[in-house]
Amino acid sequence: MKLEPNLEDPDAIYEKLIAMLESQEPNMAMRLCARLVLLLANHVGDKGVIDEAIDRAAQLTDAQK
């Protein structure tokens, strides 16, 4: 799993994500995020990497509580 920055223009990607989500109701925004995650997980295609990413994301969320 790559943990170092690996995006050409992360700010542009962030802005596009925010623009996609801010016009949606919270429930639809969550569904859009889930769809995006599934599309990216399919692209990765490695269950071990996906499981590790889910675990790391959960740890980050727990640390913010």
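Bear in mind the structure is a predicted one, so any value in this text is a computation, not a measurement. Per chain, residues are indexed from 1 in the order of the written sequence. Local features in this predicted model are restricted to residues of pLDDT 70 or higher, and side-chain atom pairs are both shown and tallied only at a pLDDT of 80 or more, whereas totals for entire chains, interfaces and linings draw on every residue. The side-chain quantities take in all heavy atoms of the structure and omit both hydrogens and water.

Let us look at the layout of surface pockets. Here a cavity denotes a set of grid points, spaced 1 Å apart and computed over the protein atoms alone, in which a 1.4 Å probe fits but from which it cannot get out, and a pocket denotes an open set meeting protein on both sides within 12 Å along at least five of seven lines; residues with an atom within 4 Å of a point are reported as lining. Grid points are joined across faces, edges and corners, and a volume is the space filled by probe spheres set on the points. Of the pockets and cavities examined, the largest pocket occupies roughly 1,300 Å³. What lines the largest pocket is a set of 23 residues, and nearest its centre among them are Met1, Val37, Leu40, Val44 and Ala53. For helices the rule is a DSSP run of H or I covering at least 4 residues; for strands it is a run of E covering at least 2, with both sets numbered from the N terminus onward. Broken down by secondary-structure element, the contributors of at least two residues to the lining of the largest pocket are helix H1 (10-22), helix H2 (26-44) and helix H3 (47-63). Looking at the lining of the largest pocket, the element that brings in the most residues is H2, giving 8 residues. All amino acids are sorted into three groups, where Ala, Val, Leu, Ile, Met, Phe, Trp, Tyr, Cys and Pro are nonpolar, Asp, Glu, Lys and Arg are charged, and the leftover types, Gly among them, are polar. Classifying every residue of the lining of the largest pocket gives 18 nonpolar, 2 polar and 3 charged.

Along the chain, Leu39 turns up in helix H2. Taking C-alpha positions, Leu39 is 17 Å from Ala57, a pair spaced 18 residues apart along the chain.

Another aspect to go through is a negative patch on the surface. A contiguous patch of negative charge, built from Glu8, Asp9, Asp11, Glu15 and Glu22, is present on the exposed surface. Within the fold, Glu8 resides in the segment before H1. Only protein chains enter the accessibility calculation, which uses a 1.4 Å probe; a residue is then buried when its area is under 20% of its type maximum, exposed when over 50%, and partly exposed in between. Take Glu8: its relative accessible area is 86%, and that puts it in the exposed class. Patch membership is restricted to residues that have no salt bridge and whose relative accessible area is over 30%. Joining uses 9 Å for like charges and 5 Å for the nonpolar side chains Val, Leu, Ile, Met, Phe, Trp and Tyr. Surface accessibility follows the Shrake-Rupley procedure with a 1.4 Å probe radius. Residue values consider only the protein chains on display as shielding. When a carboxyl oxygen of Asp or Glu lies within 4 Å of a side-chain nitrogen of Lys or Arg, that pair is called a salt bridge. When charges are counted, neither His nor the chain ends are considered; positive counts come from Lys and Arg and negative counts from Asp and Glu. Charged side chains are reduced to one point each, which is NZ for Lys, CZ for Arg, CG for Asp and CD for Glu.

Only the stretch in contact is used when fitting a helix axis, every axis being a line fitted to C-alpha atoms; angles between N-to-C directions are given from 0 to 180 degrees. Remark: H1 packs on H2, axes separated minimally by 9 Å, with the N-to-C direction vectors making an angle of 140°. As summarised for this structure, H1 and H2 are arranged oblique, according to the angle between their axes. For the pair H1 and H2, contact is made by Leu17, Met20 and Leu21 and by Ala29, Leu32, Cys33 and Leu36, respectively. Along the lines of polarity and charge, the residues of the contact of H1 with H2 split into 7 nonpolar, no polar and no charged. With respect to orientation, any angle under 35 degrees is reported as roughly parallel, any angle over 145 as roughly antiparallel, any angle of 65 to 115 as roughly perpendicular, and every other angle as oblique. Residues are treated as being in contact if the distance between any of their heavy atoms lies within 4.5 Å.

The values reported here are purely geometric and, on their own, carry no functional implication.
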